[in-house]
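Residue-level structural notes
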Amino acid sequence: MPDYPHFCAEEFAQDEFFVRWVLRPDAETEAFWQQWLSTFAFRRDEVEAARQLVLGLHQLPQARLSSAEKMALRQRIFEEIETLEAPESAAHHRWLVPTWQWAAAASVLLMLLGVGQFWQLQQPVSVSGYRALLAQARREAGTLRDIDNPTAGTRLVSLPDGSSVLLRPHSRLAFPVRFVGTTRPVYLEGSAFFEVAKNPEKPFFVNTASLVTKVLGTSFEVQAAAKSSRVVVTVKTGRVSVYPQGGEQAQLQARTQRLEGIVLTPNQQATYHLADHQLKRNLLAQPALAGGASAVFEYEETPIREVFAQLEKAYGVSIVYDKDGLGNCPLTASFTDEPLFEKLRLICKATRAHYEVLDAQIVVTGPGCN
């Protein structure tokens, strides 16, 4: 695997797996890069700069360039980056270049392609979008308490209903001084982890400029940075529903206490892409064991249906397979701390099967053993 933690923006922008994630995201790339960014959060600036370079070179509709022209343009951008670096910077220290320099290089690319208007279209989650959301909320709910976290640390915020929020760096949260009426709305710009007090009679809503997360009582993370092209919701415990801001679905969700639409459970994640308004659900790259689940999985001539049932319960996932064809296949194996997908790989190898992740479900196919 490439040494991603030490990549600079230029190297990210030339990496095929990274480019695939930016241009044609799927379950594999989305799961990997979201997990990677959670682990290496300090590299987000370089990743964002690289993402803008990739979008500029490949996605802009005005830029109808041949492959050779794109290569020449890429080289020109990277040469511009080189001129911005400090003279004493050695090649193996390039990832230490200040973020503003990468941003400047990305800006050069956008100016070269003449896409000022397209840049605006690609940034729907904006400060103005958040302010418009708050203005509407104040008209409907009155006074809001506005919490800003401009620091590099996480800030704990207590809500009127007993819920708590870990407000991530450079994020903002607004909420009513008291939750009155039939709902508990809050408004987020940036990222935050929520521990919501359970109250099925009074749903809790996290509103961002483009996406709404509705819960009855659970814990989950919302990432809606002001300059990001996507909003990500990750569930730790319980269930949440997610849907785009505005429209008929939002009106329906506001009137009912049920969770409807796209519902997420633990180890699942939803990503809303602002460019094409696509909302996709997938599993995390490394699903965690549910609380209290045993980490030891011992099988001796155990039917696959029992193996899959135990994995489903332990990880809170759904495994779809042909119960008649594969269900009776025997398995002898011993697993402990292997990640879920490694367990599945070994199980499929033993049963001549294959698995893939589709819409947050694990689908196993194979010839069976009848």
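The rules behind these values
- Residues numbered from 1 in each chain as written.
- Predicted model: local features only at pLDDT ≥ 70, side-chain atom pairs only at ≥ 80, totals over all residues.
- Heavy atoms only, no water.
- Disulfide = S-S within 2.5 Å.
- Helix = DSSP H or I, 4+ residues; strand = E, 2+ residues; numbered from the N terminus.
- Buried < 20%, exposed > 50% of the residue type's maximum accessible area, 1.4 Å probe, protein only.
- Contact = heavy atoms within 4.5 Å.
- Expected span 1.5 Å × (residues − 1).
- Arc of directions from axis to C-beta.
- Phe/Tyr/Trp six-rings, centres within 6.5 Å; stacked < 30°, edge-to-face > 60°.
- Lys NZ or Arg CZ within 6 Å of the ring centre and 35° of its normal.

1. Details of the state of the cysteines
Per the stated rule, a full pass over the model turns up 1 disulfide. Each sulfur of the disulfide joining Cys 329 and Cys 369 lies 2.1 Å from the other. In this structure the cystine formed by Cys 329 and Cys 369 twists about its S-S bond by roughly -130°; its chirality is therefore left-handed. Here Cys 369 lies in the segment after β18 (361-365) and Cys 329 lies in the loop between β15 (319-320) and β16 (330-335), a separation of 40 residues in the sequence. The class of Cys 329 is buried, set by a relative accessible area of 3%.

2. Here's the deal with the side chain of Thr 302
Structurally, the position occupied by Thr 302 is in strand β14 (residues 297-303). According to the relative accessible area criterion, Thr 302 is buried, its value standing at 13%. For Thr 302, the contacting residues outside a window of four places in its chain are Val 307, Cys 329, Pro 330 and Leu 331.

3. Details of helix α10 (residues 304-315)
In this model α10 runs 16 Å from its N-terminal to its C-terminal C-alpha over 12 residues, within 8% of the 16 Å that 1.5 Å per residue would give. Along α10, the residues classified as buried are Ile 304, Val 307, Phe 308, Leu 311, Ala 314 and Tyr 315. Buried positions in α10, seen along its axis, are confined to an arc of 130° and lie on one side of it. Buried-residue contacts for α10 involve β14, β15, β16, α11 (340-351) and β18. Just downstream of α10 lies Gly 316, where phi reads positive at about 65°.

4. Some words on the packing of aromatic side chains
Scanning the model with the defined rule gives 24 aromatic pairs in all. On the numbers, 5.8 Å between centres and 75° between planes, the contact of Phe 12 with Trp 36 is edge-to-face. Placement of Phe 12 in helix α1 (residues 9-14) and of Trp 36 in helix α3 (residues 27-39) is noted, with a sequence separation of 24 residues between them. For the pair Phe 32 and Trp 33, a centre-to-centre distance of 5.1 Å together with 90° between the ring planes defines the contact as edge-to-face. Here the aromatic residues Tyr 4, Phe 7, Phe 12, Phe 17, Phe 18, Trp 21, Phe 32, Trp 33, Trp 36 and Phe 40 are joined through ring pairs into a cluster of three or more. Lys 323 extends its terminal NZ or CZ atom over the ring of Tyr 321, reaching a point 4.8 Å from the ring centre.

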